[in-house]
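Survey of secondary and tertiary structure
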Amino acid sequence: MEFYTSIEKSESQEIKKFQEQKLQELLAYLENHSPFYQRLFKENNINISDIQMLEDLKKIPTTTKNDIQQNNDDFFCITPDKIVDYSTTSGTLGDPVTFGLSDNDLERLAYNEAISFACAGIQKGDVVQMITTIDKRFMAGLAYFLGLRKMGASVVRMGPGIPELQWDSIFRYKPKYLITVPSFLLKMIDYAEKHGIDYKNSSVYGAVCIGESIKNQDFTDNILSQKIKEKWDIKLFSTYASTEMSTAFTECEQQIGGHHHPELIITEILDDEGNLVKEGESGELTITTLGVEAIPLLRFKTGDIVKAHYEPCQCGRNTMRLGPVIGRKQQMIKYKGTTLYPPAMNDILNDFNNILCYQIVIQSNEIGLDEIIIKLSTDSDSENFVNEVRDHFRAKLRVSPKIELIDFDVLSKIVFNPNSRKPITFTDLR
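Residues numbered from 1 in each chain as written. Predicted model: local features only at pLDDT ≥ 70, side-chain atom pairs only at ≥ 80, totals over all residues. Heavy atoms only, no water.

Here we come to the nonpolar core. Of all hydrophobic cores here, the largest spans 48 residues; its most connected members are Leu23, Phe41 and Leu298. Setting aside its immediate chain neighbours within four residues, Leu23 contacts Ile51, Met53, Leu54, Leu57, Ile266, Thr288, Leu290 and Leu298. Listed in part, the 22 residues of the second largest apolar core include Tyr335, Ile348, Phe385 and Phe426. (Core = buried A, V, L, I, M, F, W, Y, C linked by side-chain atoms within 4.5 Å. Buried < 20%, exposed > 50% of the residue type's maximum accessible area, 1.4 Å probe, protein only. Contact = heavy atoms within 4.5 Å.)

Written out as structure tokens, the structure reads:
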């Protein structure tokens, strides 16, 4: 199988023409099989034959996660007997949103991860240790396994947590790559240093990092990435994906953004009025899935604020690249005239070696304004530690949040909830 597809090396106009053909196929499929989009086309007097070019997509209303949650069954385009896997993702209204996958959808998912991992340099025969769950209706863990299997890599399914077992597995099976939440690498390093493990001479060459940002907007290492690399000289690759789009944007060896796979997804980056942003500007990533059978999506607003990069990449791909997620649109914070997103606050807190764990809590105060509370555990004996943290916030973000010190045993159970797929470092109570 080709893991470096020709369409990714094609000229931009060829890619556009290719995607417009795929869009025609999708629109016909939705009109024949999707109760939700049949209704949307009818209510908005949309004739799909009028949608010929990518520019015509603006004639169609966008879809949100709220739409899927309120009309979950109507998004299914296949009957239940053709669903071979059920996955869920968090919903805006509390209850999870269900996604079903057909046999062909699982093949597409495997193909997506195979070409994405190949992008990061993983090859047939490499051993890859998965420090992620593959159960609990988690699509990504299943996708990683299927993709690695498809490309001929060997998989060590360790699951999350337990540094001792991770190191035992690393020295036993000698993986070249890890797939993990990057902050867990710091826990592994800490365990190795305390127990005399020669981790710097392990087999690990690189880690595919999920769930947390490791780059600044200019693609330099952020504080989390710097702290890992200061201790352990391994390659860190960013990847961005979601259950809704069943597609990943993964960095190549150049590490200047996650590559778009045009055979799998159409992307738009929209401003608050729903218009395409100008090149170089940030906006909300809006996606249209290609080749999905069970729950294909048309102009789905992901809620993620991103910036696209279009300069040719030295790896030979001519596809658009996504920069690090700036923030979730719904998690935008207005604090005393300053606009903030959680990733900027994560960077500040990750700068302190004495912080054992933390959680950012946003709530509305008695007059309806956003209030920031930083709950943290520390092993610092300094009486001025809280002031040091607060001063760092003032210097970097020009804000002074409320800070609460909480015992590690109490806070760690909240942050590292066993029912969550990644650390819960942000809670929005607004």
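What follows covers helix α5 (residues 139-151). Taking 1.5 Å per residue as the helical rise, α5 with its 13 residues ought to reach 18 Å, and the 18 Å between its terminal C-alpha atoms agrees with that figure. Within the span of α5, buried status applies to Met139, Gly141, Leu142, Ala143, Tyr144, Leu146, Gly147, Leu148 and Met151. Gly152, located one to two residues past α5, shows a positive phi value of around 85 degrees. (Helix = DSSP H or I, 4+ residues; strand = E, 2+ residues; numbered from the N terminus. Expected span 1.5 Å × (residues − 1).)

On to the side chain of Thr425, then. By the secondary structure assignment, Thr425 is in the loop between α11 (408-415) and β20 (426-428). Those residues in contact with Thr425 that sit more than four places away from it in its chain are Asn346, Tyr358, Gln359, Ile360 and Val415.

Positionally, Ser238 belongs in strand β7 (residues 235-242). By relative accessible area, Ser238 is classed as buried at 18%. Taking C-alpha positions, Ser238 is 10 Å from His259, a pair spaced 21 residues apart along the chain. Once residues within four sequence positions are removed from consideration, Ser238 is found in contact with Cys209, Ile214, Lys215, Phe249, Thr250 and Glu251.

Below, the discussion takes up the domain arrangement of the protein chain. Split into domains, the protein chain comes out as domain 1 (1-325) and domain 2 (332-428). Once you take the C-alpha centre of each, domain 1 and domain 2 turn out to be 28 Å apart. Between domain 1 and domain 2, the residue contacts involve 17 residues of the former and 14 residues of the latter. Where domain 1 abuts domain 2, roughly 1,100 Å² becomes buried across the two surfaces, and 51% of that area is made up of carbon and sulfur atoms. (Domains from an automatic or database assignment. Buried area = accessible area lost by both parts, 1.4 Å probe.)

Right, let's get into the packing of helix α7 (residues 182-194) against helix α8 (residues 223-231). Two elements in contact, α7 and α8, have axes whose closest approach is 10 Å; the angle formed by their N-to-C orientations is 30 degrees. The angle between α7 and α8 places the two elements in the roughly parallel class. By crossing handedness, the relation of α7 to α8 is classed as left-handed. Residues Pro182, Ser183, Leu185, Leu186, Ile189 and Glu193 of α7 form the contact with α8, whose participating residues are Leu224, Lys227, Ile228 and Lys231. (Axes fitted to C-alpha atoms, helices over the stretch in contact; angles between N-to-C directions. Parallel < 35°, antiparallel > 145°, perpendicular 65-115°, else oblique. Left-handed = near helix turned anticlockwise from the far one by under 90°.)

All right, on to helix α6 (residues 163-173) then. Every buried residue belonging to α6 is among Pro163, Gln166, Trp167, Ser169 and Ile170, and all of these are buried. Projected down its long axis, α6 shows its buried positions confined to an angular sector of 160 degrees, all on one face. Of the residues in α6, the exposed ones pointing more than 90 degrees away from the buried face are Glu164 and Arg172. Close packing links the buried residues of α6 with β3 (127-130), β4 (154-157), β5 (177-180) and α7. (Arc of directions from axis to C-beta.)

This part covers the environment of Leu264. Relative to the assigned elements, Leu264 resides in the loop between β9 (258-259) and β10 (265-270). Residue classification places Leu264 among the buried positions, given a relative accessible area of 4%. As for Leu264 and Asn112, which are separated by 152 residues in sequence, their C-alpha atoms are 7.6 Å apart. In this structure, Leu264 is in contact with Arg108, Tyr111, Asn112, Ile115, Thr247, Thr288, Thr289 and Leu290, ignoring residues within four places of it in sequence.

Note on strand geometry: in a regular strand, side chains alternate between the two faces of the sheet. Bridging between strand β18 (residues 370-378) and strand β19 (residues 402-405) involves four bridges; their strand directions are parallel. Paired with Leu376 across the bridge in β19 is Leu405. Since β18 and β19 lie parallel, the crossover through helix α10 (residues 385-397) that links them has a hand, and here it is right-handed. (Pairing = 2+ DSSP bridges. Right-handed = clockwise from strand over helix to strand, strands pointing away.)

Take the environment of Val208 next. Mapped onto the secondary structure, Val208 falls in strand β6 (residues 206-209). Residue class for Val208 comes out buried when judged on its relative accessible area of 2%. It is 8.6 Å that separates the C-alpha atoms of Val208 and Thr250, two residues lying 42 residues apart in sequence. Sequence-distant contacts of Val208, defined by excluding residues within four places in its chain, comprise Phe117, Ile122, Leu178, Ile179, Thr180, Phe237 and Thr239.

With that settled, the discussion passes to the pattern of salt bridges. Scanning the model with the defined rule gives 20 salt bridges in all. The closest approach of N and O atoms between Glu107 and Lys150, which form a salt bridge, is 3.1 Å. Pair noted here: Glu107 is in helix α4 (residues 103-119) and Lys150 is in helix α5, with a separation of 43 residues, a long-range link. You can call Glu107 partly exposed: its relative accessible area is 43%. Residues Glu268 and Arg299 are paired through a salt bridge, measuring 3.0 Å at the closest nitrogen-oxygen approach. (Salt bridge = Lys/Arg side-chain N within 4 Å of Asp/Glu carboxyl O.)

Turning next to the sheet that holds strand β17 (residues 355-364). The strand order β19-β18-β17-β20 describes an open sheet built from four strands, whose pairing is mixed. Across the chains shown, the open sheet's two edge strands, defined by having one partner strand only, are β19 and β20. Ignoring which end each strand starts from, the neighbouring axes of this sheet average 20 degrees apart. Note that β17 and β20 share three bridges and pair parallel. Paired with Ile362 across the strands is Asp428, a residue of β20. On the sheet, helix α9 (residues 342-350) packs against β17, β18 and β20 and is oriented at approximately 150 degrees with respect to β17. Across the sheet, α11 lies against β17 and β18, angled at about 65 degrees from β17, the strand it touches most.

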